[in-house]
Amino acid sequence: GIRIIFDGVFNHMGIRSFAFQDLQKHQQHSKFKDWFIVKSWKDEKAGTEFDYKGWFGAKSLPELKEDEQGIVEGPKNYIFAATERWMNPKGAGIENGIDGWRLDVAFCVSHQFWKQWRQHVRSINPEPYLTAEIVDEQDKVVPYLQGDAFGLFPPFT
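Residues numbered from 1 in each chain as written. Predicted model: local features only at pLDDT ≥ 70, side-chain atom pairs only at ≥ 80, totals over all residues. Heavy atoms only, no water.

A. Region of the structure containing the environment of Phe-150. Structurally, Phe-150 can be placed in the loop between α4 (138-141) and β8 (151-152). By relative accessible area, which is 12% here, Phe-150 ends up buried. When the C-alpha positions of Phe-150 and Thr-131 are compared, they lie 5.5 Å apart, and in sequence the two are 19 residues distant. Residues within four places of Phe-150 in sequence aside, it is in contact with Leu-103, Ala-106, Trp-114, Arg-118, Leu-130, Ala-132, Ile-134 and Tyr-144. (Helix = DSSP H or I, 4+ residues; strand = E, 2+ residues; numbered from the N terminus. Buried < 20%, exposed > 50% of the residue type's maximum accessible area, 1.4 Å probe, protein only. Contact = heavy atoms within 4.5 Å.)

B. Layout of the layout of surface pockets. Each pocket or cavity is described by its volume, and for the largest pocket that value is around 220 Å³. As for the largest pocket, its lining consists of 14 residues, and the residues nearest its centre are Val-9, Phe-10, His-12, Met-13 and Tyr-78. A total of five residues in the lining of the largest pocket trace back to one element, the largest contributor, which is helix α2 (residues 73-87). Each residue belonging to the lining of the largest pocket can be placed in one class, and the counts come to eleven nonpolar, three polar and no charged. (1 Å grid on protein atoms, 1.4 Å probe; cavity = no way out; pocket = protein on both sides within 12 Å on 5 of 7 lines; lining within 4 Å. Points joined across faces, edges and corners; volume = space filled by probe spheres on them. Nonpolar A, V, L, I, M, F, W, Y, C, P; charged D, E, K, R; others polar.)

So this is what it looks like as structure tokens:
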């Protein structure tokens, strides 16, 4: 009767992540150049250093890029694939996947992304446990509380 939920952080990665390491090494030629919010590329002739946005200013946590649909295609596909891998791991020879997610700093990712992600999660498991950290001013929090992103569907018994 034990249920397993993972703590997901889909707003940023670490500086040791494969994608960010490649970005640092190959700069604007990296296949991950569109995953992060890059402020400037290293260019000795122009005198610029590589700079990027870190989550809440923390350079050890490079922030993922978003557009009007939420997290952009590259990291979105990666997140969706990781979600499926842990919720439906049969291909890895594991019998059961996790039962849900607790989402860290969910308020830092657009509501539009979470609506799409929830649909993906529910296509794998129609009864997931989804809870999220939403800490912001009331007017910014309201969209996340519409019942189309997080919540328990239906309650575990």
